[in-house]
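One letter stands for each residue in the lines below.
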Amino acid sequence: MVTRLSENGPVLIGDKAPEFTAQTTHGPVNFPKDYEGKWVVLFSHPADFTPVCTTEFVAFAKRWKQFQELGTELIGLSIDQIFSHMKWTEWIKEKLGVEIPFPIIADNTGSIASLFGMLHSEASGTQTVRTVFVIDPKGIVRAIIYYPLNVGRNMDEILRLVKALQTSDKEKAAIPANWPNNELIGDRLIVPPPSSEKEAQERLKNYECYDWWFCHRQARGA
Ligand code: BEZ
């Protein structure tokens, strides 16, 4: 028997995303109900009006259309007041010429940050660390990334992660390292493990394989 770590602890991969209501720069939100049927990237940043966070918001904004094309909504969050978020996005637009097209949650009390385990006390005090929660259309947490305060995230990797999860679901296959530019199999997909010796031998006939436990194939597409 396996004991789950998250009875009262942080949100883990495979959990249902915690529910909350909040004020955002785009109006009130009832999560995850308002996002049913969509993929969501919910991410936290330590604070408004800080340089690394500003570079992250510009990077997310520049890729917003690509996230939309994947049916994926971005939602930011920090322990700041709504007025602070509004002033900061106004500043980004005026000084950097970049409009922030996605909502930012004002988690004044830190209650949502606590719910999701975004506060890593020793590392971040009262500021959220840089977290990313990828949540699927059924409201299940499918991937989590944590980054420290002093290193900005790679938004192309977050885009790749969403694409990889969607492809894995659709193709019922696993996704190799650095996909779609994997060093061994390029953009090919990894066939799930066999469940019997007979199946293991059949795989060798049906797929390209390095061995029976490492078979790969082309994506079948839509
Ligand atoms: C920043 O975004 O620049 C930042 C925020 C909190 C701590 C350190 C850096």
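Residues numbered from 1 in each chain as written. Predicted model: local features only at pLDDT ≥ 70, side-chain atom pairs only at ≥ 80, totals over all residues. Heavy atoms only, no water.

J.: Can you help me understand the state of the cysteines in this one?
T.: In a disulfide, the sulfur atoms of two cysteines are held together by a covalent bond. Per the counting criterion, the structure on display carries one disulfide. Here Cys209 is linked by a disulfide to Cys215, with a sulfur-sulfur distance of 2.0 Å. Because the torsion about its S-S bond is 105°, the bridge between Cys209 and Cys215 counts as right-handed. Accessibility expressed as a relative area gives 26% for Cys209, which makes it partly exposed. Accessibility expressed as a relative area gives 0% for Cys215, which makes it buried. (Disulfide = S-S within 2.5 Å. Buried < 20%, exposed > 50% of the residue type's maximum accessible area, 1.4 Å probe, protein only.)

J.: What am I meant to see in the packing of helix α1 (residues 51-69) against helix α5 (residues 155-171) here?
T.: Think of two packed helices as two axes; the pair is described by the angle between the axes and how far apart they sit. It is at 9 Å that the axes of α1 and α5 come closest, and there the two elements cross at 30°. Considering how the two elements wind past one another, α1 and α5 form a crossing that is right-handed. Across the interface between the two elements, Glu56, Ala59, Phe60, Arg63, Gln66 and Phe67 from α1 touch Met155, Asp156, Ile158, Leu159 and Val162 from α5. Among the residues making up the contact of α1 with α5, the classes are represented as seven nonpolar, one polar and three charged. (Axes fitted to C-alpha atoms, helices over the stretch in contact; angles between N-to-C directions. Helix = DSSP H or I, 4+ residues; strand = E, 2+ residues; numbered from the N terminus. Left-handed = near helix turned anticlockwise from the far one by under 90°. Contact = heavy atoms within 4.5 Å. Nonpolar A, V, L, I, M, F, W, Y, C, P; charged D, E, K, R; others polar.)

J.: Help me out: how do you make sense of the pattern of salt bridges in this one?
T.: Close approach of charged atoms allows side chains of opposite charge to pair. Inspection of the entire model under this criterion finds 12 salt bridges. When the shortest N-O distance is used, the salt bridge between Asp136 and Arg142 registers 3.2 Å. With a relative accessible area of 9%, Asp136 lands in the buried category. When the shortest N-O distance is used, the salt bridge between Arg217 and Glu171 registers 3.0 Å. Highlighted residues: Arg217 in strand β10 (residues 214-217) and Glu171 in helix α5, separated in sequence by 46 residues. (Salt bridge = Lys/Arg side-chain N within 4 Å of Asp/Glu carboxyl O.)

J.: In this structure, what is going on with the environment of Glu56? I would like to understand it.
T.: Within the secondary structure, Glu56 sits in helix α1. Among the residues examined, Glu56 registers a relative accessible area of 2% and is labelled buried. Spatially, the C-alpha atom of Glu56 lies 17 Å from that of Ala106, the residues being 50 residues apart in sequence. Setting aside residues up to four positions removed in sequence, Glu56 forms contacts with Arg130, Val151, Gly152, Arg153 and Met155. A polar contact of 2.6 Å, which involves the side chain of Glu56, links it to the side chain of Arg153. (Polar contact = N/O pair within 3.5 Å; in protein donor to acceptor, adjacent residues only side chain to side chain.)

J.: Just checking my understanding: could you explain the site of the ligand for this structure?
T.: Close to the ligand lie Pro46, Thr50, Pro51, Val52, Cys53, Gln127, Arg130 and Leu149. A distance of 2.7 Å separates an oxygen atom of the ligand from a polar backbone atom of Val52. Measuring from an oxygen atom of the ligand, one finds a backbone N or O atom of Cys53 at 2.8 Å. Looking at the shell around the ligand, the element that brings in the most residues is α1, giving three residues. (Near = heavy atom within 4 Å.)

J.: Please explain the side chain of Ser44 as it appears in this structure.
T.: Considering the arrangement of structural elements, one finds Ser44 in strand β3 (residues 39-44). When its relative accessible area of 0% is taken as the criterion, Ser44 is described as buried. At 2.7 Å, the side chain of Ser44 and the backbone oxygen of Val129 are in polar contact. Here Thr131 takes part through its side chain, which lies 2.7 Å from a polar atom of the side chain of Ser44. Apart from the residues lying within four places of it in its own chain, the contact partners of Ser44 are Leu77, Met118, Thr128, Val129, Arg130, Thr131 and Arg153.

J.: Any chance you could explain the nonpolar core here in plain terms?
T.: Buried together is how nonpolar side chains tend to be arranged in soluble globular proteins. Grouped together as the largest cluster of nonpolar side chains are 28 residues, with contacts concentrated most on Val41, Phe57, Phe60, Phe67, Ile100, Val134 and Ile158. Within the residue set of this core, elements represented by two or more residues are β3, α1, α2 (82-96), β6 (130-135), β7 (141-147) and α5. It is α1 that provides the largest number of residues to this core, a total of seven residues. Those residues within four positions of Phe60 in sequence are excluded, and the remaining contacts are Phe43, Phe67, Leu74, Phe102, Met155 and Ile158. (Core = buried A, V, L, I, M, F, W, Y, C linked by side-chain atoms within 4.5 Å.)

J.: Is there a simple way to think about α5 in this case?
T.: In an α-helix there are 3.6 residues to a turn, and that puts residues three or four apart on one side. If you check α5, its first and last C-alpha atoms are 24 Å apart, about what 17 residues at 1.5 Å a residue would give, namely 24 Å. Of all the residues in α5, the buried ones are Met155, Ile158, Leu159, Leu161, Val162, Ala164, Leu165, Gln166, Thr167 and Glu171. Where α5 starts, the residue carrying a side-chain oxygen 2.9 Å from the main-chain nitrogen of Asp156 turns out to be Asn154. Just downstream of α5, Lys172 is the residue with a positive phi angle, here 50°. (Expected span 1.5 Å × (residues − 1).)

Honestly, it's all geometry; don't read function into it.
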